[in-house]
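Commentary on secondary and tertiary structure
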Amino acid sequence: ARLQQLPVVSQQTVWACGTSTAASLPCMFSHLGKSGFESRKNNYENLLDVLKRAGFDVLWMDNQSGCKGVCDRIPSYSTASLKNPLYCQDGECLDNVMLEELPAQLQRLQGKGTDRPTVVVLHQMGSHGPAYYKRSTPDLKAFKPECETNALSSCPQENVVNVYDNSIRYTDHFLAQTIDWLKTQQSQFETGMFYMSDHGESLGELGVYLHGMPYAMAPDNQKHVPMIAWLGT
């Protein structure tokens, strides 16, 4: 794993705001916390709105199912229509396509010669099921055999775990590549990376798959998430 070779900080006791992207993303960018967000009587500006008003350049890049309202008032870019043969097939793209597109999108956002602080959100496909087998490249498929179907319950659980673990290896690769890119920007910016998943996945434990169960009933697999930071050193 490449991240093990880098000076990252990994927090082990982090819990998602929700068990689905729609529930979790808006909460993650709110100042209210899970209970406050769920019981709010009014909507508020989110973190990205505040950063934009504070003079930051802010960009949301999406390789998943949209920002669920979080990026409604900032520049955003979706990979949905890309046909990049290296990263995209069957209407989906591997997450590294965002790094390929990032320089051009930043140039469009910033113009020439800007020194404004910049925050970019890369919304990954990550390990989103059920098509885990599409979430990694052949060179990173260390765990075999894989479950190579969306019908996860038709596969032995070991194969489901294998294919999921391979998708985690791809995210490890993607995050390390992101850090590599950030290092190339250090002559102009002080760079850093903050990563957190919006929810986890059930892999057949007690017959449960995927995510999205009511929070009070959901197993920890759907709520216990990784959080990793690289602070530019």
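Right above here is the structure, for reference.
The sections below set out a description of the structure shown in this document. (Residues numbered from 1 in each chain as written. Predicted model: local features only at pLDDT ≥ 70, side-chain atom pairs only at ≥ 80, totals over all residues. Heavy atoms only, no water.)

Turning next to the sheet that holds strand 2 (residues 57-62). In spatial order, the strands read 3-2-6; together these three strands make up an open sheet with parallel pairing. Lying at the two open borders of the sheet, with one neighbouring strand each, are strand 3 (76-78) and strand 6 (118-123). Direction aside, neighbouring strands of the sheet carry axes that sit 15 degrees apart on average. Two elements, strand 2 and strand 3, share three bridges in a ladder whose sense is parallel. Bridging across to strand 3, Trp-60 finds its partner in Ser-76. Against the sheet, helix 4 (residues 96-110) makes contact with strand 2, strand 3 and strand 6, and its axis sits at roughly 145 degrees relative to strand 2, the strand it touches most. (Pairing = 2+ DSSP bridges. Helix = DSSP H or I, 4+ residues; strand = E, 2+ residues; numbered from the N terminus. Axes fitted to C-alpha atoms, helices over the stretch in contact; angles between N-to-C directions. Contact = heavy atoms within 4.5 Å.)

Taking strand neighbours across the sheet as the criterion, the three strands line up as 1-10-7 in an open arrangement whose pairing is antiparallel. Across the chains shown, the open sheet's two edge strands, defined by having one partner strand only, are strand 1 (8-15) and strand 7 (193-196). Strand-to-strand twist across the sheet, computed as the mean angle between neighbouring axes with direction ignored, equals 15 degrees. By the bridge criterion, six bridges tie strand 1 to strand 10 (residues 224-230) in an arrangement that is antiparallel. In the strand pairing of strand 10, Val-14 is matched with Val-225.

Quick look at the state of the cysteines now. Disulfides are covalent bonds that connect the sulfur atoms of two cysteines. For the structure on display, the rule yields four disulfides. Paired by a disulfide, Cys-88 and Cys-93 hold their sulfur atoms 2.0 Å apart. Torsion about the S-S bond of the Cys-88 and Cys-93 cystine: about 105 degrees, corresponding to right-handed handedness. Accessibility classification places Cys-88 together with Cys-93 in one group, the buried group. Taken in sequence order, the bonded cysteines of the protein chain link in the pattern 1-2, 3-4, 5-6, 7-8. (Disulfide = S-S within 2.5 Å. Buried < 20%, exposed > 50% of the residue type's maximum accessible area, 1.4 Å probe, protein only.)

Mapped onto the elements of the fold, Ser-167 is located in helix 5 (residues 157-184). In terms of polar contacts, Ser-167 uses its side chain to reach the side chain of Ser-127, at 2.7 Å. Not counting residues up to four positions away in its chain, the partners in contact with Ser-167 are Gly-126, Ser-127, Tyr-132, Arg-135 and Ser-136. (Polar contact = N/O pair within 3.5 Å; in protein donor to acceptor, adjacent residues only side chain to side chain.)

A complete count under the given rule lists seven salt bridges for this structure. Among the salt bridges present, the one from Glu-45 reaches Arg-53, with a minimum N-O distance of 2.8 Å. On the basis of relative accessible area, Arg-53 is assigned to the exposed category, the value being 63%. The salt bridge involving Lys-141 is made with Glu-146; its shortest N-O contact spans 3.2 Å. In terms of burial, Lys-141 and Glu-146 fall into one category: buried. (Salt bridge = Lys/Arg side-chain N within 4 Å of Asp/Glu carboxyl O.)

The final tally for this structure, using the stated rule, is two aromatic pairs. With centroids separated by 5.7 Å and ring planes inclined at 55 degrees, the aromatic side chains of Phe-29 and Trp-60 adopt a geometry described as tilted. With Phe-29 in the loop between helix 1 (21-28) and helix 2 (33-38) and Trp-60 in strand 2, this pair connects stretches of sequence that are 31 residues apart. Its relative accessible area of 14% is what places Phe-29 among the buried residues. Both rings, one in Tyr-132 and one in Tyr-164, keep their centres 5.5 Å apart while their planes meet at 85 degrees; by these two values the pair is edge-to-face. Here the residue Tyr-132 occupies a position in the loop between strand 6 and helix 5, and Tyr-164 occupies one in helix 5, the gap between them amounting to 32 residues. A relative accessible area of 16% means that Tyr-164 is categorised as buried. For Arg-40, the ring lying beneath its charged end belongs to Phe-37, and the centroid distance is 3.8 Å. Sitting over the face of the ring of Tyr-215, Lys-223 holds its NZ or CZ atom 4.7 Å from the ring centroid. (Phe/Tyr/Trp six-rings, centres within 6.5 Å; stacked < 30°, edge-to-face > 60°. Lys NZ or Arg CZ within 6 Å of the ring centre and 35° of its normal.)

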